[in-house]
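Commentary on secondary and tertiary structure
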Amino acid sequence: MRSRQRMFAAVMRLLLKCLRLGRRRRFKLVRQAEQLWHYGHLCLRSLLYNSFTNGDVVLDSLFEPVYWLVDHVTRWFGVVFVALVIGLTSSIVAIVYICLLPLILQTYTPAWICWHLAYGHWNLIMIVFHYYMAITTSPGHPPQAKDDLTGVSICRKCIAPKPARTHHCSICNRCVLKMDHHCPWLNNCVGHYNHRYFFSFCLFMTMGCIYCSISGWEMFRDAYAAIERMKLLEKERLQVAANQTYYQTPAPTFSFHQRAFHKSVVYLWVLCSSVALALGALTLWHAALITRGETSIERHINKKERQRLQKKGKVSAARGGGRAGRGRARRDVHLPALQVFRNPYSYGGWDNWKVFLGVDVPRHWLTRVLLPSPHLPHGTGLSWDLPPCVTKQRAPLLAI
């Protein structure tokens, strides 16, 4: 009897111990879950709730995997894009020489023939020269010797000083002097030493496409009508041939040479018109940036800086430093200092173009702009002193 009582008591004690362990384990799991919840909440607050975070930072963080994928795809497909540009341009040149040039020599007057030959070959030479220089010229990189380099910040990727207007390219994995952007069609960065080549290539390619589109408009209309007529006659021929034997099938109405000629003209006009619209818009955008003395990256930086200073009440909402901007600044009662934000690297619209194109004397408009020229830009890209072609001093960053 006593042995049974002892056994029962031992079983009950063991059961109570198991229940206690289960409660402790459940409490431990609950505490761990609470700790993880508080830790995640703290991480979320540290990422979102600070004075430097805004919607752009959150979007950049969300799209970081997409940026990584685009950088690597662009790096590997740059050669493909360059080959595509060369192939499409060569096909247009071949169509012009094989199909259109004989027709021009037979039907146009001598004056128009001289105009087309002179302008067409000049435009082609400018396109080939500037594209070759844009893809083969290094945009410029900060020197490896850091002792003599004056940097305004430290690159987080290179862990090295960055001069003014220098930015890190995630595709090239290097810092680029006066970086504008990485162009996949060049398989190269657009920076201090090849920015002029890039813009000149875009400009002359747009001019060439517009020239081909305008000159070939009548040919395009005739070729398109001929192709439609080919389709209609081909359909009628097949309907007639369906009721005849093989030996009674009529010969094709249009020869292979005629079909190839008309389709080539249509291909030339459609491609040139499409490129003229797309590349023309890009050229106008970069022309506006050059007029303001900015790069694509600096436009966003200056825009954010202007908005930041406006929120603090230090600058006026007026853009630029013209008379209209100064007049609006005077009428702004919220700004006692009457200051206007200005780009520190802008010398004025006309002087910005002279500095960008490297025009020091009037004859340079012919030798350096209208003719192929491999001259270097002003400065080294490490410091930005006043160029000799600029006649007036540039305005400070915050100018009254």
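Residues numbered from 1 in each chain as written. Predicted model: local features only at pLDDT ≥ 70, side-chain atom pairs only at ≥ 80, totals over all residues. Heavy atoms only, no water.

A few points about the overall build of the protein chain
Inclusion rule: Runs of H or I in DSSP of at least four residues are treated as helices and runs of E of at least two as strands, each being numbered from the N terminus. The contact criterion used is simple: two residues touch if any of their non-hydrogen atoms lie within 4.5 Å. For accessible areas, the Shrake-Rupley method is used with a probe of radius 1.4 Å. Any residue's cover is judged against the shown protein chains and nothing else.
What the protein chain contains, in helices and strands, is 11 helices and 8 strands. The long-range fraction of contacts in the protein chain, counting pairs at least 24 apart against all pairs at least 6 apart in sequence, stands at 65%. Within the structure as shown, the protein chain displays about 26300 Å² of accessible surface, and the carbon and sulfur contribution to it stands at 65%.

A look at the UniProt feature "transmembrane region" (unreviewed entry) in the protein chain
Basically, it comes down to this: UniProt positions are given in the numbering used here, feature names are shortened, and annotations may be inferred rather than shown by experiment.
Using the residue numbers shown here, the UniProt feature "transmembrane region" (unreviewed entry) corresponds to residues 76-100, 112-133, 197-220 and 265-288. A helix fraction of 100% and a strand fraction of 0% characterise residues 265-288, whose end C-alpha atoms lie 34 Å from each other.

Considerations on unusual backbone geometry
Phi at Ile159 is positive, roughly 55 degrees, even though this residue is not glycine. Backbone geometry places Asn173, a non-glycine residue, at a positive phi of 60 degrees.

Let's talk about the packing of aromatic side chains
Filter applied, for reference: Pairing of aromatic rings covers Phe, Tyr and Trp, the last counted by its six-membered ring, and requires centre-to-centre distances within 6.5 Å; plane angles under 30 degrees mean stacked, over 60 mean edge-to-face, and any other angle means tilted. Working definition: with a 1.4 Å probe on protein chains only, accessible area under 20% of the residue-type maximum means buried, over 50% means exposed, and in between means partly exposed. Only when the NZ atom of a Lys or the CZ atom of an Arg is both within 6 Å of the ring centre and within 35 degrees of the ring normal do we say a charge sits over the ring.
Summed over the entire model, instances satisfying the criterion amount to 16 aromatic pairs. Here the aromatic rings of Phe199 and Phe356 are separated by 5.8 Å at their centres, their planes lie at 85 degrees, and the arrangement is edge-to-face. Here Phe199, found in helix α5 (residues 195-215), pairs with Phe356, found in helix α10 (residues 349-357); they are 157 residues apart in sequence, far enough to count as distant. Pair check on accessibility: Phe199 and Phe356 agree, each one buried. Three or more aromatic residues joined by ring pairs make a cluster, and in this case those are Trp115, Tyr119, Trp122, Phe204 and Tyr211. A cation sits over an aromatic face here: Arg165 above Tyr345, 4.4 Å from the ring centre. Against the face of Trp384 rests Arg165, its NZ or CZ located 4.7 Å from the ring centre.

So, the pattern of salt bridges
Worth spelling out the cut-off: Take a side-chain nitrogen of Lys or Arg and a carboxyl oxygen of Asp or Glu: if they are within 4 Å of each other, that pair is a salt bridge.
Per the stated rule, a full pass over the model turns up 4 salt bridges. Here Arg292 ties to Glu294 by a salt bridge, and the two come within 3.3 Å at their closest N and O atoms. Judged by relative accessible area, which is 31%, Arg292 ranks as partly exposed.

A few points about the confidence of the model for the protein chain
For clarity, the threshold we go by: Each residue gets a pLDDT score, which is the predictor's confidence in that residue and runs from 0 to 100.
Within the protein chain, residue pLDDT values average 81, and 77% of them lie at 70 or more. The least confident element of the protein chain, judged by mean pLDDT, is strand β8 (residues 398-399) at 40; the most confident is α5 at 96. Segment residues 321-338: pLDDT under 50, and 19 contacts once partners within four positions in sequence are set aside and those in other chains are kept. Within the model, the stretch residues 395-400 combines pLDDT values under 50 with 17 contacts to residues more than four positions away or in other chains.

Side note on the environment of Leu100
Turning to its location among the elements, Leu100 is positioned in helix α3 (residues 64-107). Measuring from C-alpha to C-alpha, the distance between Leu100 and Ser264 comes to 9.8 Å, with 164 residues separating the pair along the chain. Beyond its immediate sequence surroundings of up to four residues, Leu100 is in contact with Ile95, Met219, Val265 and Leu268.

Focus on the nonpolar core
It is characteristic of soluble globular proteins that their nonpolar side chains tend to be buried jointly. What counts is decided by this rule: Think of a nonpolar core as a cluster: buried Ala, Val, Leu, Ile, Met, Phe, Trp, Tyr and Cys residues, connected wherever their side-chain atoms sit within 4.5 Å.
In terms of nonpolar packing, the biggest core is built from 39 residues, with Tyr131, Leu186, Phe198, Phe201, Met205, Leu268 and Cys272 touching the most fellow members. The set of elements that each furnish at least two residues to this core consists of α3, α4 (110-136), α5, α6 (217-241) and α7 (256-292). No other element matches the 9 residues that α5 contributes to this core. Those residues in contact with Met205 that sit more than four places away from it in its chain are Thr89, Ile127, Val275 and Leu279. Within the second largest apolar cluster, 8 residues are counted, among which are Ala287, Phe356, Val359 and Val369.

Points about the side chain of His116
Mapping His116 onto the fold places it in helix α4. Ignoring any residue separated from it by four or fewer positions in sequence, one finds His116 in contact with Tyr108, His121, Tyr211 and Ser215.

Comments concerning the layout of surface pockets
Just so we agree on the cut-off: Buriedness of a pocket was judged along seven lines, with at least five required to meet protein on both sides within 12 Å; pockets are open sets of points on a 1 Å grid over the protein atoms alone, cavities are sets where a 1.4 Å probe fits but cannot get out, and lining residues have an atom within 4 Å of a point. Grid points are joined across faces, edges and corners, and a volume is the space filled by probe spheres set on the points.
Approximately 1400 Å³ is the volume attributed to the largest pocket. Looking at the largest pocket, it is lined by 30 residues, and the ones nearest its centre are Asp60, Arg156, Lys157, His168 and Ile297. Contributions of two or more residues to the lining of the largest pocket are made by α2 (55-62), α3, β3 (167-169), β5 (181-183) and α8 (296-311). Per-element tally for the lining of the largest pocket: the top contributor is α3, with 6 residues.

Describing a nonpolar patch on the surface
What counts here: A residue counts toward a patch only above 30% relative accessible area and without a salt bridge, and it is joined to like-charged neighbours within 9 Å or, for Val, Leu, Ile, Met, Phe, Trp and Tyr, to nonpolar neighbours within 5 Å.
On the surface, a cluster of nonpolar side chains totalling about 600 Å² of accessible area is made up of Val58, Leu59, Leu62, Phe63, Val66, Tyr67 and Val70. Mapped by element, the contributors of at least two residues to the nonpolar patch are α2 and α3. Overall, Val70 belongs to the partly exposed group, its relative accessible area being 44%.

Topic: the side chain of His375
Selection criterion: The term polar contact refers here to a pair of N or O atoms within 3.5 Å; inside protein, the definition further demands a hydrogen-donor-capable atom paired with an acceptor-capable atom, and it admits residues adjacent in sequence only when both atoms are side-chain atoms.
Following the sequence through the fold, His375 ends up in the loop between α11 (364-369) and β8. Within the structure, the side chain of His375 is placed 2.7 Å from the side chain of Ser373, a separation counted as a polar contact. In this view, His375 contacts Arg196, Tyr197, Leu357, Gly358 and Arg368; residues no more than four positions away in its chain are not counted.

Digging into α3
For the record, the criterion: Two axes define the bend at a residue: one fitted to the seven residues ending there, one fitted to the seven starting there, and the bend is the angle between them.
The largest bend in α3 comes to about 50 degrees, at Phe77. Within α3 the residues assigned to the buried category are Asp71, Thr74, Gly78, Val82, Val85, Ile92, Ile95, Cys99, Leu100, Leu101 and Ile104.

Topic: α10
For α10, the buried fraction is high: 7 of the 9 residues fall into the buried class. Listed in full, the buried residues belonging to α10 are Asp351, Asn352, Trp353, Lys354, Val355, Phe356 and Leu357. Residues of α10 that are buried sit in contact with α5, α7 and α11. Positioned one or two residues after α10, Gly358 has a phi angle of 75 degrees, which is positive.

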